[in-house]
Amino acid sequence: MSLLVLDDVKVHYGGVRAVDGVSFSVEPGQLCGMVGPNGSGKTTTINAITRTAKLTSGRITFDGTDIANVPPFKLRRIGLVRTFQGIRLIPDLTVRDNIRLAAEQHGHKRRKSRAGAVTPDAFSEALIERFGLSDVKNERPGALPYGTQRRVEIVRALSTSPKLLLLDEPVAGMNHAERADIANVLKELHAEGLSMLIIEHDLRMLLNLSDHLVVLNFGKLLAEGEPHATASLPDVQRAYLGGSIERD
Ligand SMILES: Nc1ncnc2c1ncn2[C@@H]1O[C@H](COP(=O)(O)OP(=O)(O)OP(=O)(O)O)[C@@H](O)[C@H]1O
Ligand SMILES: [Mg+2]
């Protein structure tokens, strides 16, 4: 069974067809990349999945459940977690508290029943160490380099033990070294079996990481399939040349 299924999803804002009949699936353990020119509907697709945007029509199923039946605040509890295109950490909390709060609010019960004695504190500390944030865990996010803040966001999302992680441009605004660093983190998570849907303008990175690529254009699915083959399709190349997908 597919983990996530979008079936003819439409999100219209008045006359703006932000997402206009998109269907695709994410399989368990898959790292699905999503690309498309600016304004092609990528973020709105994730907004529809997380119910930040209201569906005009269509159906989205996550782990066998129609998400229309799940209140938005319960999505984390069923394992659906996202990051945003802009950073949204709590500025007055330290890195550690940002992560711990998420772990306490959303992940603890499930983890406790699965792993017995693991407390949110211990779980957060382990993630902080693993993702190289020990040196900055007592700092406030605003004091940190942009790349580090994005890393904190990813770790915060992970602290809720997601089944599917949705990442909206995780390396936007990062320098080359920071990008490589995040790419390694994503590669590791993928190797461990975490399912991910990643929006990214950095096509080269997605080609290296993904096992499936989805291309949007004007709110519609332009192409999908094996990443390299899909990126080479004439229609996709045309969208690149005519549009604004950065090739890095
Ligand atoms: N809340 C909204 N109200 C009206 N129009 C919207 C809203 N959200 C998005 N749109 C429009 O829908 C279209 C798709 O936007 P979206 O943000 O999904 O694109 P995107 O592919 O994520 O672009 P980018 O690469 O620039 O992040 C755009 O034309 C945008 O202006
Ligand atoms: Mg976007």
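See the structure printed just above.
Residues numbered from 1 in each chain as written. Chains lettered and ligands numbered in written order. Predicted model: local features only at pLDDT ≥ 70, side-chain atom pairs only at ≥ 80, totals over all residues. Heavy atoms only, no water.

## Looking at the sheet that holds strand β7 (residues 164–168)
Strands in a sheet are paired, the pairing made by backbone hydrogen bonds, and the direction either parallel or antiparallel.
In step 1: Ordered by their spatial adjacency, six strands build an open sheet running β6-β7-β8-β3-β9-β10, and the pairing between neighbours is mixed. Single-partner strands in this sheet number two, and they are β6 (80–82) and β10 (220–225). This sheet shows a mean twist of 15° between the axes of neighbouring strands, independent of strand direction.
In step 2: Here β6 runs beside β7; their pairing, made up of three bridges, is parallel. Bridge pairing in β7 places L80 opposite L164.
In step 3: Seen against the sheet, helix α5 (residues 176–191) touches β3 (31–35), β7 and β8 (195–199) and runs at an angle of roughly 150° to β8. (Pairing = 2+ DSSP bridges. Helix = DSSP H or I, 4+ residues; strand = E, 2+ residues; numbered from the N terminus. Axes fitted to C-alpha atoms, helices over the stretch in contact; angles between N-to-C directions. Contact = heavy atoms within 4.5 Å.)

## Side note on the site of ligand 1
In step 1: Taken together, 14 residues sit near ligand 1, with G39, K42, T43, T44 and Q85 positioned nearest.
In step 2: At 3.2 Å, a backbone N or O of S40 approaches an oxygen atom of ligand 1.
In step 3: A distance of 2.9 Å separates an oxygen atom of ligand 1 from a polar side-chain atom of T43.
In step 4: Here ligand 1 loses 62% of its free accessible area of 640 Å² to cover by the protein chains.
In step 5: For the shell around ligand 1, the secondary structure elements donating two or more residues are β2 (16–26) and α1 (42–49).
In step 6: Broken down by element, the residue count for the shell around ligand 1 peaks at three residues, all from α1. (Near = heavy atom within 4 Å. Polar contact = N/O pair within 3.5 Å; in protein donor to acceptor, adjacent residues only side chain to side chain. Areas by Shrake-Rupley, 256 points an atom, 1.4 Å probe, with all protein chains shown as cover.)

## A few points about the packing of aromatic side chains
In step 1: In total, this model carries zero aromatic pairs according to the counting rule given.
In step 2: The aromatic ring of F84 is capped on one face by R88, whose charged end is 3.7 Å from the ring centroid. (Phe/Tyr/Trp six-rings, centres within 6.5 Å; stacked < 30°, edge-to-face > 60°. Lys NZ or Arg CZ within 6 Å of the ring centre and 35° of its normal.)

## Some details on the pairing of β3
In step 1: Of all five residues that make up β3, five are buried, and the element is covered over most of its length.
In step 2: With burial as the criterion, each face of β3 is covered, one bearing L31, G33 and V35 and the other bearing C32 and M34.
In step 3: Alignment of β3 against β8, held across four bridges, turns out to be parallel. Across the sheet, the residue bridging to M34 is I199, located in β8. (Buried < 20%, exposed > 50% of the residue type's maximum accessible area, 1.4 Å probe, protein only.)

## Digging into helix α3 (residues 120–130)
In step 1: Turning to α3, its buried residues are P120, F123, S124, L127 and I128. Angularly, the buried residues of α3 cover 135° about the axis, an arc narrow enough to put them on a single face.
In step 2: One or two positions beyond α3, positive phi appears at G132, with a value near 65°. (Arc of directions from axis to C-beta.)

## A few points about the pairing of β10
Both faces of the sheet carry side chains from a regular strand, because those side chains alternate between them.
In step 1: Relative to β10, strand β9 (residues 212–217) runs antiparallel, the two being bridged by five bridges. Directly across from N217, in β10, lies its bridge partner K220.
In step 2: With antiparallel pairing between neighbouring strands as the criterion, β9 and β10 make up a hairpin whose turn holds two residues, including F218 at a positive phi of roughly 50°.

So yeah, pure geometry; function would need other evidence.
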